[in-house]
Amino acid sequence: MMKQLLPIILVLSAISVQGCVDCGPQAELSARIRFTGKSLKLDSVYALNAVSQDAITRQLADATPRHVDALPISLLSDTTTYVFRFAERTDTLSIYYQRVFRYKGGCGFVTDAREPATGSHYYSTFSKTEIHYDTYVRPGQQPWLSSNPGAGISIDIEP
């Protein structure tokens, strides 16, 4: 009986190991913007050279006076430039990053944006800008072991 049961257990354990692949975060790369300091009324945001502004328009519908969550980041270049229009003024923010594309087994390609190796991290007409790269690819760790909410860039802006 034990001789017959052993091959069945081995086959079932091999199937269960093959069928469970953790691909990690599956969201598009984005910039999460938080406004600090004085509050200005944000009228609009658009990305220079974007094929479409639809994703940004949808995000602005859910924006608060202090947060804009998930503005798309360009995967066509290592920079994305946003123009913010307020009732009182217009500001520009260009963010620089290094794109990372890697193949991860059954998940296909994983995309990430990390801090540029050299040079500037941003150009901004705001009075103060802080940028944080939220990569989920950590050296020596699997991508899904990060406590970050997902890949992308977090930006604190003081108008």
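Caption draft 1: Examining the confidence of the model for the protein chain more closely. Chain-level statistics for the protein chain give a pLDDT mean of 79 and a share of 72% at 70 or above. When pLDDT is averaged over each helix and strand of the protein chain, the minimum, 58, is found for helix α1 (residues 2–19) and the maximum, 97, for strand β8 (residues 122–124).

Caption draft 2: Seen up close, the sheet that holds β8. Taken in spatial order, the 4 strands of this open sheet run β2-β4-β5-β8, and their pairing is antiparallel. Each edge of the sheet is formed by a strand with only one pairing partner; in this case those strands are β2 (42–47) and β8. Direction aside, neighbouring strands of the sheet carry axes that sit 15 degrees apart on average. With 7 bridges joining them, strand β4 (residues 79–86) and strand β5 (residues 90–96) adopt antiparallel strand pairing. By the bridge assignment for β5, Tyr82 is matched with Leu93.

Caption draft 3: Layout of the pattern of salt bridges. A full pass over the atoms with the stated rule returns 5 salt bridges. The partner of Asp156 in a salt bridge is Arg34, with the nearest N and O atoms 3.0 Å apart. Note that Asp156 is positioned in strand β10 (residues 152–158) and Arg34 in strand β1 (residues 30–35), a separation of 122 residues in sequence. Residue class for Asp156 comes out buried when judged on its relative accessible area of 17%. The salt bridge partner of Arg99 is Asp78, with a shortest N-O separation of 2.6 Å. Of this pair, Arg99 sits in strand β6 (residues 98–103) while Asp78 sits in the loop between β3 (67–72) and β4, and the two are 21 residues apart along the sequence. Judged by its relative accessible area of 28%, Arg99 falls in the partly exposed class.

Conventions used here
Residues numbered from 1 in each chain as written. Predicted model: local features only at pLDDT ≥ 70, side-chain atom pairs only at ≥ 80, totals over all residues. Heavy atoms only, no water. pLDDT = per-residue confidence, 0-100. Helix = DSSP H or I, 4+ residues; strand = E, 2+ residues; numbered from the N terminus. Pairing = 2+ DSSP bridges. Axes fitted to C-alpha atoms, helices over the stretch in contact; angles between N-to-C directions. Salt bridge = Lys/Arg side-chain N within 4 Å of Asp/Glu carboxyl O. Buried < 20%, exposed > 50% of the residue type's maximum accessible area, 1.4 Å probe, protein only.

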